[in-house]
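# What the coordinates show
The primary structure of each chain is shown beneath.
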2 protein chains.
Amino acid sequence: MDIKTKGFVSAETVARLAGVSRSAVSRTFTDGASVSEATRKKVLEAAAVLGYHVNHLARGLSHDRSNIIGIIVSEIPTPYQARMLDEMTRQLQAIGKVGMVINTTGDAESVANALRQTLNFRADGVIVLSGTPDASLIASCVANGQRVILINRSDHIEGPANLAVENAETAREAYHLLRRAGCQRLAVVSSTAGTPSLSARDSAFAAAAAEDGLSVPIIRAGATGYAAGAEAARQLYSRSGGPDGVFGVTDLLALGFMDAARHSFGLRVPQDVSIVGFDDIEQAGWESYALTTFRQPVEEMVQLIVQLLTQAGPDEWAHVVPPIKPVPIWRKSVLPRPNAG
Amino acid sequence: MDIKTKGFVSAETVARLAGVSRSAVSRTFTDGASVSEATRKKVLEAAAVLGYHVNHLARGLSHDRSNIIGIIVSEIPTPYQARMLDEMTRQLQAIGKVGMVINTTGDAESVANALRQTLNFRADGVIVLSGTPDASLIASCVANGQRVILINRSDHIEGPANLAVENAETAREAYHLLRRAGCQRLAVVSSTAGTPSLSARDSAFAAAAAEDGLSVPIIRAGATGYAAGAEAARQLYSRSGGPDGVFGVTDLLALGFMDAARHSFGLRVPQDVSIVGFDDIEQAGWESYALTTFRQPVEEMVQLIVQLLTQAGPDEWAHVVPPIKPVPIWRKSVLPRPNAG
DNA sequence: TTGTATGCGTTATCAC
DNA sequence: GTGATAACGCATACAA
């Protein structure tokens, strides 16, 4: 038996129907407030009849928390980003918060607008998954009491927490893994995106090779993704002397490379070329690829993020963030060590 | 030169620094309000110094719109869902709204909570991408003036707009496409998820076959996804007489099927088995698969959704939603018609 | 154009 | 345990 005609119903209306005061209604819906069972029941009933729902906007106004967390991201359809988004929204909800996802193109202006959005909506915190945020705007967020967390952008700005995977170390590991497999002519497939993470990976790989006196080409044949990987293969194999071991700084890159190597050049994986990736997206495990790669522990990363968002204060952040170590996932795209044992 | 110490700065503070009234500040940040250029400038300067950002929570309180759109979704890492999410958040932002994504497990209780969240945050509208929402809660949303849009859930509830692709028609088209390719033993690979869309597709395919006096098995070997498709192949080919033509009600299903058919049973695609999918996710175009499929026009769908969200009133919705027709994308997973010409 | 006053829906503080 | 009342930050009708 709905009474209202339009718009949302307020606590005031509920109070009238239940024959109690606004405060009683408020208390009924506030955790740990003291209401008698009798009034509580009356209120709940009236609320159900009217279809009342607490207005979190108003609540966030008096209270100083909105329970909104801004998530700034780009290229959502990318398996890695989608997985991150999935895990974040899930875990955020588990602690009673809600994610406001802001989709940016990744350029400075776009990210700046995203940051302003989170400010406008008084988000309790901001998680930056991609793009290079303007330092002064970040500072503004921090100054306003927002918890801001930067993921995999190793530009160490003061204030926000920086959560980064061990990119360089893992890239070195990839190098040694390929070398132990007997690969002689190495190459790294990277992208023109040039994000801090990706750069860290490709340059660390090259550096590790340089220590052994090896020079490896870094191919950047387009923005990150499948197509760029495929194009890299075309560039590398269009003349003889192509690589017999490649490191894709991203699984997507590695997968594109693998497909082009196989279908455009008839190469066998891993007999003719060993390939190792980074991320362990779902597709890496598909039978057509069976890509050996390094898994980013997404679930643990997000747990850490949520912890940062809620428990710790900005001052203690430096200490609470442990190193995050991708672990190698062995599948079939890398040659077994020839002289094993 | 920051003055504030903690928390967000309000219009009040800006007004004091600029030497004007609160209203002047408000007007400066309200589109189409009348402020003199002089005060406007003073306000803008003070705001910049203080790092002021309009509080949309408070704004949404007096105004009756929050500019928040709830997006209810599950299985975000799924390429199709991720693509949808990407397009929605992008287009929503383009019209000054922001998406609040609520990640559900898809079960009734979870979706109900999601719906309540959108009510709590006074979302202007709700887009339901997955899950089966409780009819009475939907009614409550509509009653409260929210625009709610159901995507691909053909349970026609009164009130919300229903946006659905032509599932049945397209499934029939898939059937004829396979038949024209010369396939004799057909099968459809579906999932245990049993969403309205998927059911519509598999049963329409079977119905089309029945009209020709053909009986086709519908395999549901797990929840939607790659693994379920692969398992379906194992079930179908573990004994002789496996299909030479299959319809995957989802690309993911089709891809999993293709991989298992090839790698576990040595089948060639399309020589031994023709496969057609549904969705046209990015991976369908990867060289290892080259899946012939039907593309869901995601961008147009979202345009329509946004239009529904903003322009039309609920009363006119029935008329504004045109049929959405997936278009066939020909790649290499279906045998060319044997007796062409 | 500008400032003053009021209302938006809550929660918190205070008396009772 | 309950009800009045004052914030919270903003937009706006109104008066100047």
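Here we take up helix H1 (residues 11–18) of chain B. All names here are of chain B. Val-14, Ala-15 and Ala-18 are the residues of H1 that are buried. Projected onto a plane normal to the axis of H1, the buried residues spread over an arc of 100° and lie on a single side. In the stretch just after H1, Gly-19 is the one whose phi turns positive, near 75°.

Read from one edge to the other, the open sheet built from ten strands follows the order S5(A)-S4(A)-S3(A)-S1(A)-S2(A)-S2(B)-S1(B)-S3(B)-S4(B)-S5(B), with strand pairing classed as mixed. Two strands lie at the open edges of the sheet, namely strand S5 (161–163) of chain A together with strand S5 (161–163) of chain B, each paired on one side alone. Neighbour-to-neighbour, the strand axes of the sheet open up by a mean angle of 25°, direction not taken into account. Summarising the sheet, strand S1 (residues 68–73) of chain A and strand S2 (residues 98–103) of chain A pair through six bridges and their orientation is parallel. Following the sheet pairing, A:Gly70 is matched in S2(A) by A:Met100. The strands that helix H6 (residues 108–120) of chain A touches are S1, S2 and strand S3 (125–128) of chain A together with strand S2 (98–103) of chain B; relative to S1(A), the one it contacts most, it runs at about 175°.

Our focus in this paragraph is the domain arrangement of chain A. Here chain A is described as being made up of domain 1 (11–54), domain 2 (68–165 + 298–324) and domain 3 (167–296). Put simply, the middle of domain 1 of chain A and the middle of domain 2 of chain A, counted by C-alpha atoms, are 36 Å apart.

Taken together, 26 residues sit near DNA strand C, with A:Ala11, A:Ser26, A:Arg59, B:Ser23 and B:Ser36 positioned nearest. Considering DNA strand C, the proportion of its atoms within 4 Å of the protein that are sugar or phosphate atoms stands at 65%. Between DNA strand C and the protein, one listed contact pairs a phosphate oxygen with a side-chain N or O atom of A:Tyr52 at 2.9 Å. Within the contact set of DNA strand C, a base oxygen lies 3.2 Å away from a side-chain nitrogen or oxygen of A:Ser62. Breaking the surface near DNA strand C down by element, the ones donating at least two residues are helix H2 (22–28) and helix H4 (56–62) of chain A together with helix H2 (22–28) and helix H4 (56–62) of chain B. Residue contributions to the surface near DNA strand C peak at four residues, all from H4(A).

Contact residues are listed per partner, giving 58 residues for chain A and 59 residues for chain B. Summed over the three residues of chain A that lose the most area to chain B, namely A:Phe8, A:Leu57 and A:Arg122, the buried surface amounts to 15% of that side. For the pair chain A and chain B, the number of links is zero salt bridges. Our count for the contact surface shared by chain A and chain B stands at 16 residue pairs in polar contact (both at pLDDT 80 or more). Going through the elements one at a time, H4, helix H5 (79–94), S2, H6, helix H7 (135–143), helix H10 (226–237) and helix H11 (251–265) of chain A are the ones with two or more residues in the side of chain A that touches chain B. When residues of the side of chain A that touches chain B are assigned to their parent elements, the largest contribution, eight residues, is made by H5(A). In terms of residue class, the side of chain A that touches chain B is built from 27 nonpolar, 19 polar and twelve charged. Bridge count for S2(A) against S2(B) is three bridges, and the pairing is antiparallel. Across the sheet, residue A:Met100 finds its bridge partner in S2(B), namely B:Met100.

Residue and element names in this part refer to chain B. As a packed pair, H1 and helix H3 (residues 37–50) sit with axes 9 Å apart at the nearest point and diverge in direction by 120°. Overall, the two elements H1 and H3 adopt an arrangement that is oblique. Once H1 is placed against H3, the crossing between them reads as right-handed. Note on element contacts: H3 touches H1 through Lys-42, Val-43, Ala-46, Ala-47, Val-49 and Leu-50, opposite Thr-13, Val-14, Leu-17 and Ala-18. For the contact of H1 with H3, a count of residues per class yields eight nonpolar, one polar and one charged.

In this section: the relation of the copies chain A and chain B. Mapping chain A onto chain B calls for a rotation angle of 180° and an axial translation of 0.0 Å; the resulting RMSD is 0.1 Å. These values place the two chain copies in the arrangement generated by a two-fold rotation axis. Taking C-alpha positions as the reference, the residue of chain A nearest the rotation axis is A:Met100, at 2.2 Å.

Quick notes on the rules
Residues numbered from 1 in each chain as written. Chains lettered and ligands numbered in written order. Predicted model: local features only at pLDDT ≥ 70, side-chain atom pairs only at ≥ 80, totals over all residues. Heavy atoms only, no water. Buried < 20%, exposed > 50% of the residue type's maximum accessible area, 1.4 Å probe, protein only. Helix = DSSP H or I, 4+ residues; strand = E, 2+ residues; numbered from the N terminus. Arc of directions from axis to C-beta. Pairing = 2+ DSSP bridges. Axes fitted to C-alpha atoms, helices over the stretch in contact; angles between N-to-C directions. Contact = heavy atoms within 4.5 Å. Domains from an automatic or database assignment. Near = heavy atom within 4 Å. Polar contact = N/O pair within 3.5 Å; in protein donor to acceptor, adjacent residues only side chain to side chain. Buried area = accessible area lost by both parts, 1.4 Å probe. Salt bridge = Lys/Arg side-chain N within 4 Å of Asp/Glu carboxyl O. Nonpolar A, V, L, I, M, F, W, Y, C, P; charged D, E, K, R; others polar. Parallel < 35°, antiparallel > 145°, perpendicular 65-115°, else oblique. Left-handed = near helix turned anticlockwise from the far one by under 90°. Least-squares fit on C-alpha atoms with pLDDT ≥ 70 in both.

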